[in-house]
Amino acid sequence: MNLRTLRQDLPAGLVVFLVALPLCLGIAQASGLPPFVGLLTGVIGGLIVTSLSPSRFAVSGPAAGLVTIVVAAIETLGSFSAFLLALVLAGVLQFMFGVMRAGRFITLVPGSVIKGMLAAIGILLIMQQIPVAFGASGDTELASLFSGEFSFSPSAMIVAGIGLAILWLWTTPMVKRVKALNWIPGPLIAVLFGCLATVFGDRIQPEFVSNLPRISLPEFGSLGELTRELQRPDWQAWRNPSVYVVAVTLALVASLETLLSQEALKKLRPQNPAPSPDKEMRAQGIGNLVAGFAGGLPITSVIVRSSVNVSAGAQSKVSILVHGVLLLVCGLYFSNLLNAIPLASLAAVLLYTGYKLAPPRLFVDQIRMGAQQFVPFIVTIGGIIVFGMLAGIGLGIATQILYSVYKSHRNALQLTRYDDHYVLRFQQNLTFMHNPRLQGLLAEIPENSVVIVDHDNAEYIDPDVKAVLKDFSENANDRGIRLSQWPAAAK
């Protein structure tokens, strides 16, 4: 680090802090947890994970994509303290993934499944935050809006609507042309508007503020007071088998999201040498281990904050460390200021994040790519929404494998007719799984024909396939069929 990089890293760290602050608070709130838990997680990601990570630009912290997993896991396990035990185990698993050099296996996950996973996360995030945008102050199902018992808040709807409009406006060319505004993140403006509505709303209408749910962040005078408020893992929950299911789910999904973020970050800012995915998983594993012990949320490398860090001109890890220190100071000494933030503003930020994860154009593009891409994509989305993250990803991968096997089998054998000559081409190595297709093609060959087999591309023919070919060759003379270039081992 030198003075030149410090001049660039300090403002970059401030910008990342401004983006991360509303997201940390919003993700904790969306998870049904106190907002300071989100700040704590951001501090652990910004300081501990950054110190261990091989990447100079990747920003780690709580991720919106894991909100739905956290909510479902806490409900399944019955308490947040039991969830913390699962998070500790997930951190250990992630560290072991890095030790076993499992990072290279990220390339085995089909693109359709990855896109489906991100889209499902976006849809679930939207479903979860719509009630908050309409005035809910806690965990409320989307169906409750139509039950007739939900209490709509015009104040929350106005704040959320204007917040969404601000976030959209910040993506328009009109704002992007103003260089000064490019340094101010849209989520921060949306949250600041919500704060102004909280402070001055009662002057417009007396009931405006009373009908506007806000975050509740306790005031801490020291780190000791903060640590006394945090929950600890419930070590007795190790008897619950669901703890291990949640731990595996968190480890797999957090690792997947981290590695995907790293791949995306390579395109934004290449590093030489490229950061090791295995070292990154070890760093993330230690981060989640600490988060589990301290009472935080799952940590991943987040591409949104990482891209902001790069675009703000960061040159080293100092910018990320600065953002972590600012989150810590803000949580300790400015809690009263944060308590002015309405939940509807954070809902607007998360709704917009969900929309970016699942834009309509993504579905259109997947449809245009054909059934082989769209079906696994939509199965992944449906599986995650109905059965959960891990089961949905598994269903998506299984569907993609089935489609790939089907296409491979369809193209492995080709039968072409030229008058009374039939050319049977083997396009690849054949296994017993190709037998149904082979038998179907052989059945199409009529009597008194000439059959030519082109098997130059097949270096291996399974014994079961040879048996089918041998049976056909033995009956060929009786049917008046002449064989040419027939595989020697199948005669």
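The structure we're discussing is the one just above.
So, how was this worked out
- Residues numbered from 1 in each chain as written.
- Predicted model: local features only at pLDDT ≥ 70, side-chain atom pairs only at ≥ 80, totals over all residues.
- Heavy atoms only, no water.
- Helix = DSSP H or I, 4+ residues; strand = E, 2+ residues; numbered from the N terminus.
- Buried < 20%, exposed > 50% of the residue type's maximum accessible area, 1.4 Å probe, protein only.
- Contact = heavy atoms within 4.5 Å.
- Areas by Shrake-Rupley, 256 points an atom, 1.4 Å probe, with all protein chains shown as cover.
- Lys, Arg positive; Asp, Glu negative; His and termini not counted.
- Charge placed at Lys NZ, Arg CZ, Asp CG, Glu CD.
- Pairing = 2+ DSSP bridges.
- Axes fitted to C-alpha atoms, helices over the stretch in contact; angles between N-to-C directions.
- Salt bridge = Lys/Arg side-chain N within 4 Å of Asp/Glu carboxyl O.
- Expected span 1.5 Å × (residues − 1).
- Phe/Tyr/Trp six-rings, centres within 6.5 Å; stacked < 30°, edge-to-face > 60°.
- Polar contact = N/O pair within 3.5 Å; in protein donor to acceptor, adjacent residues only side chain to side chain.
- Left-handed = near helix turned anticlockwise from the far one by under 90°.
- Nonpolar A, V, L, I, M, F, W, Y, C, P; charged D, E, K, R; others polar.
- Right-handed = clockwise from strand over helix to strand, strands pointing away.

Enquirer: Go over the overall build of the protein chain, please, and point to the residues and values.
Expert: A count of helices and strands for the protein chain gives 21 helices and six strands. In terms of its C-alpha atoms, the protein chain occupies a principal-axis envelope of roughly 100 × 55 × 55 Å. Scored against the burial criterion, the 491 residues of the protein chain give a buried share of 50%. Pairs at least 24 residues apart make up 79% of the contacts formed inside the protein chain by residues separated by at least 6 positions. Total accessible area computed for the protein chain in this model is approximately 22900 Å², and 61% of it derives from carbon and sulfur atoms. Of the charged side chains in the protein chain, 34 are positive and 28 negative, and the gap between their average positions amounts to 11 Å.

Enquirer: Go over the side chain of S31, please, and point to the residues and values.
Expert: Following the sequence through the fold, S31 ends up in the loop between α1 (3-30) and α2 (35-52). When near neighbours in sequence (up to four residues on either side) are disregarded, S31 contacts V67, V70, V71, I74 and L297.

Enquirer: Could you give an account of the sheet that holds strand β4 (residues 421-426), with specific residues and numbers?
Expert: The four strands lie next to each other as β3-β4-β5-β6, forming an open sheet whose pairing is mixed. Of all strands in the sheet, those bounded by a partner on one side alone are β3 (413-418) and β6 (482-484). Going across the sheet, the axis of each strand differs from the next one's by a mean of 20 degrees, ignoring polarity. Where β3 meets β4, six bridges bridge the pair, whose relative direction is antiparallel. Bridge pairing links Q414 to R425 in β4. Strands β3 and β4 of the sheet are contacted by helix α19 (residues 389-412), whose axis makes an angle of about 30 degrees with β3.

Enquirer: Tell me about the pattern of salt bridges, and please be specific about residues and values.
Expert: Evaluation of the coordinates by the stated rule reveals one salt bridge. Across the pair R361 and D365 runs a salt bridge, and its minimum N-O distance is 3.9 Å. Here D365 and R361 lie together in helix α17 (residues 360-368), a separation of four residues that amounts to about one turn. R361 sits in the exposed class, given a relative accessible area of 60%.

Enquirer: Describe the environment of A294, naming the residues involved and giving the relevant values.
Expert: Its location among the elements puts A294 in helix α12 (residues 277-294). By relative accessible area, which is 18% here, A294 ends up buried. A C-alpha to C-alpha distance of 31 Å links A294 and A274, two positions 20 residues apart in sequence. Setting aside residues up to four positions removed in sequence, A294 forms contacts with L40, I44, L230, Q231 and R232.

Enquirer: Describe α12, listing the residues and the values that go with them.
Expert: Relative to the 26 Å expected for 18 residues at 1.5 Å per residue, α12 spans 25 Å between its end C-alpha atoms, a close match to the ideal helical length. Looking only at α12, the buried set comprises D278, E280, M281, A283, Q284, G285, G287, N288, A291, G292 and A294. Looking at the residues trailing α12, positive phi occurs at G295, about 95 degrees.

Enquirer: I'd like a rundown of the packing of aromatic side chains, residues and numbers included.
Expert: All told, the structure shown has five aromatic pairs when counted by the stated rule. Ring centres 5.3 Å apart and planes at 70 degrees place the aromatic pair F363 and F377 in the edge-to-face group. You can see F363 sitting in helix α17 and its partner F377 sitting in helix α18 (residues 371-387), a full 14 residues away along the chain. The class for F363 is partly exposed, based on a relative accessible area of 21%. In this structure F377 comes out as buried when scored by relative accessible area, which is 0%. Seen from their ring centres, F374 and F377 are 6.3 Å apart, and the 40 degrees between their planes marks the pair as tilted.

Enquirer: Give a description of the side chain of Q94 that names residues and reports values.
Expert: Position of Q94 relative to the elements: it lies in helix α4 (residues 80-99). In this structure Q94 comes out as buried when scored by relative accessible area, which is 1%. Here N288 takes part through its side chain, which lies 2.5 Å from a polar atom of the side chain of Q94. Residues within four places of Q94 in sequence aside, it is in contact with A251, A254, S255, M281, R282, Q284, G285 and N288.

Enquirer: Describe the packing of α2 against α12, with residues and values.
Expert: The N-to-C vectors of α2 and α12 enclose an angle of 145 degrees; their axes lie 9 Å apart at closest approach. Crossing hand, α2 versus α12: right-handed. Along its contact with α2, which presents L40, I44, I48, V49 and L52, the element α12 presents A283, Q284, I286, G287, V290, A291 and A294. Considered class by class, the residues forming the contact of α2 with α12 number ten nonpolar, two polar and no charged.

Enquirer: So what's going on with the pairing of strand β5 (residues 450-454)? Which residues, and what values?
Expert: Two strands pair when backbone bridges link them, and β4 and β5 are joined in this way by five bridges, in the parallel orientation. Looking at the pairing, Y422 lines up with V451 of β5. The handedness of the β4 to β5 crossover, carried by helix α20 (residues 435-443), is right-handed. Pairing analysis gives three bridges linking β5 to β6, with the strands arranged parallel. Bridging from a neighbouring strand, V451 pairs with L483 of β6. The parallel pair β5 and β6 is bridged by helix α21 (residues 463-476), and the resulting crossover is right-handed.

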